Amino acid sequence: MELLNVDNITMKFGGLTAVGNFKLKIVPGELIGLIGPNGAGKTTVFNMITGIYTPTINKIYFQDRDITGIKPDKIAKVGIARTFQNIRLLENLTVIDNVMIGFHLHLKSNLASAILKFPNYVREEESIYRKSMELLEKVELEKYELEKAGSLPYGHQRKLEIIRALATGPKLLLLDEPAAGMNPQETKDLMSFIQKIQNDFELTILLIEHDMKVVMGICRRILVMDYGITIAEGNPAEIQNNPEVIKAYLGVDVNYA
Amino acid sequence: MKKQNEKIFTILALIVLGILVYLAESNLDPYKLRILNLGAIYVTLGVSLNLIYGFTGQFSLGHAGFMAIGAYVTSLLVLPAYYKEMIFILEPLVWPFTVMHTPFIIALLLSGLFAAIAALLIGLPVLRLKGDYLGIATLGFAEIIRIIANNIPQITNGALGIKGIPEFTNLWWTAGVAIVTIYIIKGLIHSSYGRALMAIRENEIAAEVIGVNLTYHKVMSFTISAFFAGVAGGLFACLLTTIDPKAFMFVMTFNILIVVVLGGLGSITGTVLAAFLFNFSLEYLRPIEAGFNIGPIIIPAIPGLRMVSFSALLLIVILYKQNGLMGGIEFSWKGLARFIRKIFPNKKSSEGSSI
Amino acid sequence: MSLHLVLQNLANGLSLGSLYALIAIGYTMVYGILRLINFAHGEIFMLAPYFLFYGVLIFHLPWWTSIIAAIALTAVTGMLSERIAYRPLRDAPRISVLISAIGVSFFLQNLAIVIFTGIPKSVHRPAFFKRLFQFGEIRIQSTLFASVIVSTIFLTLLIYIVYKTKTGLAMRSISTDIETSRLMAVDVDKTISITFAIGSALAAVGGILWGLRFPQLFPLMGMMPGLKAFIAAVVGGIGNIPGAMLGGLLLGMSEILFVAFLPALSGYRDAFIFAILILILLLKPDGILGKNVQEKV
Ligand SMILES: Nc1ncnc2c1ncn2[C@@H]1O[C@H](COP(=O)(O)OP(=O)(O)O)[C@@H](O)[C@H]1O
Ligand SMILES: [Mg+2]
């Protein structure tokens, strides 16, 4: 059974079709790359999967459940987490708070016991704190625990946002250009990190990137979008040699030969 | 500093506060007591507004409306029956308000409850709005509440207002309620729920995607905030002993907003300081307009001069302290200890550093 | 309700609405440029008729001179308030500027109490403004004509300035993007000053017409009309000049017609205005003519 089934969705903004007839089936354990030039509609796909936009046409299923038009917080609850292309941290809160907030959706203690600090709440909070520190250690950010998230260097912020997404306990993780703004070495490290968390947390990952070389190394299946349309799908080798893709990326027609 | 020590310090501070309240109640004249009471009521109002605006980031200008609900509920519940019959001149008070009578504490709790119910009904539709739009919509609701109060003389005595409300409010009540408010709102802020509220303030979309239910948390914060505004309204009524709809115009909300912003958004400590400063400066400027003599020169009484000076003062403070007095910083025993060590470095360390 | 009564009420609504429109412009222009709800604008509106009647009564100026002087003085007060209380806060948190605006509002209100006293003053109007015109069964006050005609003239003038002059171009450019405008050598400070002057002058015209129509002055008289004019600006689409005019007319009409059709509920007329506001905000948060801008994620 597939984890996610995006069934031919379309998103229109006024006259503009940002995404048209987008299809995607993901089985558990996959790491799929979604690539395409700027403005191709990649982020819009994420926004529809995570409930920020509702597709104009057709539906999205997660574990066979229709999640179209459901609010983002409910979608997080069923097990889809994401990061943003333009990082969205809680900038004035501490680094640790930014991770701990990820556990809020699974909180069992009720409001009264949280306010009055009943033992059941205190225990739960302590366990959330421990788990958050463990996550921070994974990205070696534990020493910044009490710093303001907004004051971290850019690369750290990216990692913190990924960690925060993991804190929600997702089955499917959507990463929107996590390597943006990184140098080649940092990008390489990040890609191995992504592979590592995929193993450690038994995740299924959908990864947006606009630089196609970056995903070639780690994704066995890649989708290419251009102008809202999926123009190619396949393994890295197939994608690399696909004339449509080369055309989209280089802006030239290579079929002249 | 250890958690245990902090608790002891807090309990000691509360005992000291209790002694101070006792001394104030038995020594100060009613005029000074009234200023202190108003200050403490403003603490409750300010801290509760800070919850929805400073911590949750939702611009609410409805506090005067919730206060009004609380003030009327308390008044109707504590006034003796025979007295109600006497003062409702425009139209007789309708049943069941004629026979309802409760102790002050129950009246205050019910005041909070009714304000909270109103907030729930208002919040569900309007908390979808953002920023200034939310502000103006909540202000609109508060004005609607006031106008309704003006138009149902069979319950509120209309524009004449209610007079002769028993003067139950004293410093024990106002300080006690202020402390309970701070305790509960601090407890909320320093919990997973509070983190969710601040997440909404910081970045609504991020919060939602992490799984924070926006509607639930916004409405929860708004309702709790309104509850305390309602209780404060009840205290207010039993302090002034007369209320009428005019007392709850949007200017009242502005006053509370001034306290919150001057104290520093998101700082409870700042709100407490600003609440007292606000009321003290209002009162200590009073002589300005009373008229006085400088040697042979007689300055006649000029009504309005006090408020002119007050607003000038307000402008100066906001121009020079753009982020409020505390700038979002919070009091803590740890911070105090650090501060004391800074001014009085202990011998060893200061000798060490001088070598 | 008979036809002539309906017409009578429509005329009343039109004249009240045109006054709201005049005041709403100042709110909408300032909001468009500074994102500031200028809560002091109602007080600016209140000052103008005081200036006028003091000019006539104390300085014995002729009506016309006095009117011009009052408008000029009010415009200067508006500019000064921006210079003193808002400009130093241009990089401060928005809420601090709002508090400053509330401070200015309190200040002007109480200054008016100090100078003009808090006792309401009755106004002696020139004979012309007391005249009634009779059209069949409809009786129309001359001030009602004056409101509509004068507002139309000034609003046309405003549209001309905003859409056809260099200053207007600067205003529109700043309201789209203040930083870029600065880079393109728009004199931001000067343009903002002019915006305040224009907004205040229009409020002054509104205030004077108001004073002639409801000839009783008191320092708090700016509060409610000010708030309602702001609501008009929001209903029309804040930041949008035609929207403010439309909102003003709509609100004036609704208010008069509400009272006319439901006289038993006349005590609720302001509540009705607020209810309209809330309804519009919930249905179309950016107002009738406002653009709906969705945040890109
Ligand atoms: N909220 C929105 N309103 C209008 N247009 C939008 C919105 N979000 C995205 N778009 C448009 O949709 C297209 C696809 O954008 P996006 O999904 O962000 O592309 P990508 O992530 O592939 O760079 C772009 O033309 C963009 O301008
Ligand atoms: Mg994108």
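This text gives an overview of the structure that appears in the document.

How each quantity is defined
- Residues numbered from 1 in each chain as written.
- Chains lettered and ligands numbered in written order.
- Predicted model: local features only at pLDDT ≥ 70, side-chain atom pairs only at ≥ 80, totals over all residues.
- Heavy atoms only, no water.
- Pairing = 2+ DSSP bridges.
- Helix = DSSP H or I, 4+ residues; strand = E, 2+ residues; numbered from the N terminus.
- Contact = heavy atoms within 4.5 Å.
- Axes fitted to C-alpha atoms, helices over the stretch in contact; angles between N-to-C directions.
- Near = heavy atom within 4 Å.
- Polar contact = N/O pair within 3.5 Å; in protein donor to acceptor, adjacent residues only side chain to side chain.
- Areas by Shrake-Rupley, 256 points an atom, 1.4 Å probe, with all protein chains shown as cover.
- Donors = N, O, S within 2.8 Å, 3.2 Å for Na, K, Ca; no water.
- Buried < 20%, exposed > 50% of the residue type's maximum accessible area, 1.4 Å probe, protein only.
- Buried area = accessible area lost by both parts, 1.4 Å probe.
- Salt bridge = Lys/Arg side-chain N within 4 Å of Asp/Glu carboxyl O.
- Nonpolar A, V, L, I, M, F, W, Y, C, P; charged D, E, K, R; others polar.
- Phe/Tyr/Trp six-rings, centres within 6.5 Å; stacked < 30°, edge-to-face > 60°.
- Lys NZ or Arg CZ within 6 Å of the ring centre and 35° of its normal.

Residue and element names in this part refer to chain A. Read from one edge to the other, the open sheet built from 4 strands follows the order β2-β1-β4-β5, with strand pairing classed as antiparallel. The sheet terminates laterally at β2 (16-26) and β5 (65-66), the two strands that pair on one side only. Where strand β4 (residues 57-62) and β5 come together, 2 bridges link them in antiparallel fashion. By the bridge assignment for β5, Phe 62 is matched with Arg 65. Against the sheet, helix α1 (residues 42-49) engages β1 (4-13), β2 and β4, with an angle of about 115° to β1.

Residues and elements named next belong to chain A. Near ligand 1 you find 14 residues, and of these Gly 39, Gly 41, Lys 42, Thr 43 and Thr 44 are the closest. Tyr 53 has a polar side-chain atom sitting 2.9 Å from a nitrogen atom of ligand 1. In isolation ligand 1 exposes 560 Å². Once the protein is present, 78% of that is buried. Elements represented by at least two residues in the shell around ligand 1 include exactly β2 and α1. It is α1 that provides the largest number of residues to the shell around ligand 1, a total of 3 residues.

All names here are of chain A. At this site the magnesium ion (ligand 2) is bound by Thr 43 (OG1) and Gln 85 (OE1), with donor distances of 2.0 to 2.1 Å. One end of the pair, Thr 43, is in helix α1; the other, Gln 85, is in the loop between β6 (80-82) and α3 (95-100), with 42 residues separating them in the sequence. Classification of Thr 43 by relative accessible area gives buried; the value is 16%.

Once that is clear, we can look at the interface of chain C and chain A. Counting residues at the interface gives 4 residues for chain C and 7 residues for chain A. Roughly 450 Å² is buried in total at the junction of chain C and chain A, and carbon and sulfur atoms are behind 46% of that figure. The tally of links between chain C and chain A comes to 0 salt bridges. Where chain C packs against chain A, one counts 0 residue pairs in polar contact (both at pLDDT 80 or more). A class-by-class count of the residues in the side of chain C that touches chain A yields 1 nonpolar, 1 polar and 2 charged.

Next up on the list: the pairing of β4(A). All names here are of chain A. One ladder, built from 5 bridges, connects β1 with β4; its direction is antiparallel. Counted as the bridge partner of Val 6 is Ile 60 from β4. The turn joining β4 and β5, which pair antiparallel and follow one another in sequence, is formed by 2 residues; a positive phi near 50° is taken by Gln 63.

With that out of the way, let us pick up the sheet that holds β6(A). What holds strands together in a sheet is hydrogen bonding between their backbones, with the strands either parallel or antiparallel. Residue and element names in this part refer to chain A. An order of β6-β7-β8-β3-β9-β10 is seen for the 6 strands of this open sheet, with the pairing classed as mixed. Of all strands in the sheet, those with a lone pairing partner are β6 and β10 (229-234), marking the two edges. Taking the axes of each pair of neighbouring strands and ignoring which way they run, one obtains an average angle of 20° across the sheet. Pairing geometry for strand β7 (residues 172-176) and strand β8 (residues 204-209), over 5 bridges, is parallel. Of the residues in β8, the one forming a bridge with Leu 172 is Thr 204. Across the sheet, helix α6 (residues 154-167) lies against β6 and β7, angled at about 160° from β7, the strand it touches most.

In the structure shown here, the tally under the stated rule is 28 aromatic pairs over all chains. Here the aromatic rings of Tyr72(B) and Phe248(B) are separated by 6.5 Å at their centres, their planes lie at 55°, and the arrangement is tilted. Highlighted residues: Tyr72(B) in helix α3 (residues 63-78) and Phe248(B) in the loop between α11 (214-240) and α12 (250-263), separated in sequence by 176 residues. Here Tyr72(B) matches Phe248(B) in class, with each residue buried. Look at Tyr82(B) and Tyr83(B): their rings are 6.3 Å apart centre to centre, the planes differ by 90°, and that puts the pair in the edge-to-face class. Every member of this aromatic cluster is reached through a ring pair, and the members are Phe250(B), Phe254(B), Tyr27(C), Phe39(C) and Phe230(C). In this structure, Arg88(A) packs its charged tip against the face of Phe84(A), placed 5.4 Å from the ring centre.

Counted under the stated rule, the structure contains 24 salt bridges over all chains. Two residues, Glu30(A) and Arg221(A), come together in a salt bridge whose shortest N-O distance is 3.0 Å. Taken together, the residues span a long stretch of sequence, with Glu30(A) in the loop between β2 and β3 (31-35) and Arg221(A) in strand β9 (residues 221-226) at a distance of 191 residues. One salt bridge connects Arg182(C) with Glu179(C), and the closest N-O pair in it is separated by 3.1 Å. Taken together, the positions of Arg182(C) and Glu179(C), both in helix α7 (residues 178-183) and 3 residues apart, correspond to about one turn of that helix. Look at Glu179(C) and you get partly exposed, because its relative accessible area is 46%. Within the structure, one salt-bridge network assembled from shared partners comprises Glu82(C), Arg87(C), Arg90(C) and Asp189(C).

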